[in-house]
Amino acid sequence: MEVSFKILRFDPQRDARAHWEEYEVELEPTDRVLDGLEEIKGRLDGTLALRRSCAHGICGSDAMLINGRNRLACKVLVKNLKQPITIEPMRGFNVLKDLIVDMEPFFAKYRSVQPYLIEKDAPPEKERLQSQAQRERFDDTTKCILCGACTTSCPSFWSNPDYVGPAAIVQAHRFIFDSRDQGKEERLKVLNHGDGVWRCRTVFNCVEACPRGINVTRAIGEIKQALARGKV
Amino acid sequence: MAVHEFDGIIIGAGGAGLMAALQASKSAKIAVLSKLYPTRSHTGTAQGGIGAALGNLEEDHWEWHMFDTIKGGDYLVDQDAAEIMCREAVDTVYELEHMGLPFSRTPDGKIAQRPFGGHTREFGKAPVQRSCYAADRTGHMILQTLYQQCIKQGVTFFNEFHVVDLLVQDGVVCGAVAIEIATGELYTFHAKAVLFATGGSGRMYKITSNALTLTGDGMAVVYRRGIPLEDMEFFQFHPTGIYKMGILITEAARGEGGILRNNSGERFMERYAATLKDLAPRDMVSRAIYKEIREGRGIGGKDYVHLDLTHLDSKVIHAKLPDITDFVETYMGIDPVKSPIPIQPTAHYAMGGIPTNSDAEVVIDEKNTAMPGLYAAGECACVSVHGANRLGTNSLVDIIVFGRRGGKALGRFVQQAPLQPLPPDSEKATRDRIERLFESRGSESVARIREKLQAEMMDKASVFRTEGELKKMLDILRGLRQRYSNVCLQDRGRKFNMELLEAFELDHLLELSQVTVTSAMARQESRGAHAREDFPKRDDAKWLKHTLAYRDEELVSLKYKPVSITKFQPQERKY
Ligand SMILES: Cc1cc2nc3c(=O)[nH]c(=O)nc-3n(C[C@H](O)[C@H](O)[C@H](O)COP(=O)(O)OP(=O)(O)OC[C@H]3O[C@@H](n4cnc5c(N)ncnc54)[C@H](O)[C@@H]3O)c2cc1C
Ligand code: FES
């Protein structure tokens, strides 16, 4: 089928401002948006720049605005979209070229929540035991692939770039509710301020945007509750 | 010329690279260079599990694991290395748990385990539960956990640095050259030691489970510097890729009870492997599927068969295989609880690679002479623990065990080795390559050549091979090489010039395809994943040996080295 794309292009080496360009490519209905972008890049315009790798929604490289919604280009099929398919970089990060944005501030926030297991006791010789229920408690937030779709769909983040953002909170949740972790207090402290969890206004955009189906707002809510109660 | 100086550099930030970095950076000044942001590495897509004889649910021993690995590899496995891997697998899995890896759990809170293809109890008697897993996203959890530990430990990263050359001066390693993707600038990394952990090369083939970025860069870069590649004719096709797309459906789907069926609904694996059936090793199952299709028993006479999960409890599917359920729904519009999944074999794993010993030191000849300061680990390396066919769950073990050993060995090496001077103008070769590409005004595009390469390799050098087809493939490769010299880039900027990087990647794929096909043509026998229709039998008398392929101008020259056999004498391989 003929598929038309409208892509917001920006090359700092050439352009003063971003501008739209239109393309038509021949695709199978079962092709992904990513297949379309690769086709454009390979056949029509080799200057188009985007990040991508796994092509099936696991590596988190290709989150972008597709028809106005944050999604992974490799996880939407062209047949399910209205044409022309509009493609823009994620909002709220600096655009470096075309669909490539500066992710460094995003990862800096990720690092700020101490995203690693903190243990004070030496581990046993074999595995630490954890019941299936304890493991289930934080299963949802282990799925995060750090694509940035949630954070860049959040109005609280757009209006305040210092907000730590849903993705970093999801990562904190993954440890706070892990029965093996002993760093809960430090982590809760990092999130317990104006640019921490309290900036969340439960708009639910993040839940909509998450390509991994994580219930981000619920995770944030659970941390708020833990802070309110003073314990996990 | 911008130069960074380190004791050692690690190229690649997948499981192997990160594990090596955690070890090496404890005692030395180390940098990790990766063309992808670390968490984008392909280790993150591994689904099914990591094999280790923990014996959490039933009796198991690392010796059984070792036997299965050797038999699975059709006796081309170096048994000393396999012994180390299977023994150390147990401790490394505990170490991952201690780092925080969220494994799924047994009812009594231990690490959960499940059966996987070719893994058996008592030397082949029946399937055993050996694959340690975190739902069907084990690789994601491994990658995340290792990266988390790197943050904790303050490891230095150069993210989105694309390595294009290895620096060697008078036979001694002294660093690497990389393009900073954001700026297009070249950087020289001057170091006493370099460890390659750049992953696989599945993008040689049209249908593959491998990421778009898995273009065998590390293998090609060292090969161009005169280092051989080992056993490149052995490329694994995983039986269950999503039809036409190649996206992987983990073997765990069969581990949990899934069944392969042909046109008439028959469970055809019963005819090919009476004991293990659907859980036979991958090379056998992929061949069986090709045969069914050739003999007209594909679904509707087409080139696919069905993976049937519909008889499984939907709770099991949702709890243990959530991601693959999501893939099948997203990409095929099918609910695997209700309908069978159309599948076909998909190019999955390079058994071959940069030859190493069990400390991940690169060895460059028939006598296994180590090249000082050069290391490789993970899928780009060939230890060889996978021989002619890798068992499922054994790559994750490989990357963790040998990533760790390599990191330690590199850490020790740089303590006593001096920093060698750089060659004069270390970036010249790279600059020339880039200039050639920028200056070319030919009419060829990277995408078109790549497309042709992938289609032809799939057709002529995949599951079944013959001398005639391989010969044709070599001719085609010569033609593609010719066309490559006429590639013209549209993007002439420096910043994020993805077209330029793809041109480098294609160059690497062409190089590796030539090695694969030449090695495959020479090996006149069938062993593991290398099935020659004109030589259908394994021939131990002539071919129980590893191939070493060297670059010889535009050609490939081949040498051979013996296989290490310690505990298990070669036998006929039946399942
Ligand atoms: C879909 C899928 C499922 C799998 N499931 C399993 C499983 O269940 N069990 C199992 O044991 N195995 C599995 N495997 C195999 C296993 O996941 C891989 O073999 C393994 O993860 C490879 O790890 P690695 O560290 O060697 O490479 P990768 O994780 O691929 O990492 C390669 C790294 O090298 C970097 N790199 C590459 N080229 C360059 C360059 N030129 N310059 C700088 N950096 C570079 C990349 O950025 C990346 O960081 C699976 C494979 C696939 C594709
Ligand atoms: S390319 Fe990996 S998530 Fe889309």
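Residues numbered from 1 in each chain as written. Chains lettered and ligands numbered in written order. Predicted model: local features only at pLDDT ≥ 70, side-chain atom pairs only at ≥ 80, totals over all residues. Heavy atoms only, no water.

Student: Looking at this structure, I do not really get the interface of chain A and chain B. What am I missing?
Tutor: Buried accessible area, meaning the area lost when the parts come together, often serves as the stated size of an interface. Each partner contributes to the interface: chain A provides 64 residues, whereas chain B provides 58 residues. Both sides together, the interface formed by chain A and chain B hides about 5,100 Å², and carbon and sulfur atoms give 50% of it. The interface formed by chain A and chain B includes 9 salt bridges. Our count for the contact surface shared by chain A and chain B stands at 38 residue pairs in polar contact (both at pLDDT 80 or more). Listed by contribution, the elements that provide at least two residues to the side of chain A that touches chain B are α1 (33-44), β6 (95-97), α2 (104-112), α3 (132-137), α4 (139-142) and α6 (165-176) of chain A. (Contact = heavy atoms within 4.5 Å. Buried area = accessible area lost by both parts, 1.4 Å probe. Salt bridge = Lys/Arg side-chain N within 4 Å of Asp/Glu carboxyl O. Polar contact = N/O pair within 3.5 Å; in protein donor to acceptor, adjacent residues only side chain to side chain. Helix = DSSP H or I, 4+ residues; strand = E, 2+ residues; numbered from the N terminus.)

Student: Would you take a moment to explain the domain arrangement of chain A for this structure?
Tutor: All names here are of chain A. In terms of domain boundaries, chain A breaks down into domain 1 (2-101) and domain 2 (104-229). On the side of domain 2, 14 residues touch domain 1, which itself brings 13 residues to the contact. Three residues stand out in domain 1 for area buried against domain 2, namely N70, R91 and F93, and they jointly supply 43% of the buried area on that side. Counting across the domain 1 and domain 2 interface gives 0 salt bridges. Counting residues per element, the side of domain 1 that touches domain 2 draws most heavily on strand β4 (residues 69-72), which supplies 3 residues. Its residues placed into classes, the side of domain 1 that touches domain 2 shows 6 nonpolar, 4 polar and 3 charged. (Domains from an automatic or database assignment. Nonpolar A, V, L, I, M, F, W, Y, C, P; charged D, E, K, R; others polar.)

Student: Is there a simple way to think about α2(A) in this case?
Tutor: In an α-helix, one turn spans 3.6 residues; hence positions three or four apart end up facing the same way. Residues and elements named next belong to chain A. Of the positions making up α2, those classed as buried are F106, F107, K109 and Y110. For α2, the buried positions fall inside an angular range of 155 degrees around the axis, keeping them on one side. Count one or two residues on from α2 and you reach Q114, which has phi positive near 55 degrees. (Buried < 20%, exposed > 50% of the residue type's maximum accessible area, 1.4 Å probe, protein only. Arc of directions from axis to C-beta.)

Student: What is the right way to look at the site of ligand 1 in this model?
Tutor: Residues and elements named next belong to chain B. If you check the shell around ligand 1, you find 39 residues, and the closest are S41, T43, E379, S395 and L396. In this structure, a nitrogen atom belonging to ligand 1 sits 3.3 Å away from a main-chain N or O atom of Q47. Interatomic distance of 2.8 Å between a backbone N/O atom of G48 and an oxygen atom of ligand 1. Within the residue set of the shell around ligand 1, elements represented by two or more residues are α1 (15-24), β2 (30-34), β7 (161-169), β14 (341-350) and α11 (394-416). Here the shell around ligand 1 gets 4 residues from one element, more than from any other, and that element is α11. (Near = heavy atom within 4 Å.)

Student: Explanation requested: the side chain of B:T215 in the structure shown.
Tutor: Residues and elements named next belong to chain B. With respect to the helices and strands, T215 occurs in the loop between β9 (186-196) and α5 (217-223). Using a relative accessible area of 3% as the deciding quantity, one classes T215 as buried. Side chain to side chain, T215 and K35 meet in a polar contact 3.4 Å long. Polar side-chain contacts of T215 include one of 2.7 Å to the side chain of D217. In contact with T215, other than residues within four places in its own chain, are K35, G200, S201, R203, E505, H508, L509 and L512.

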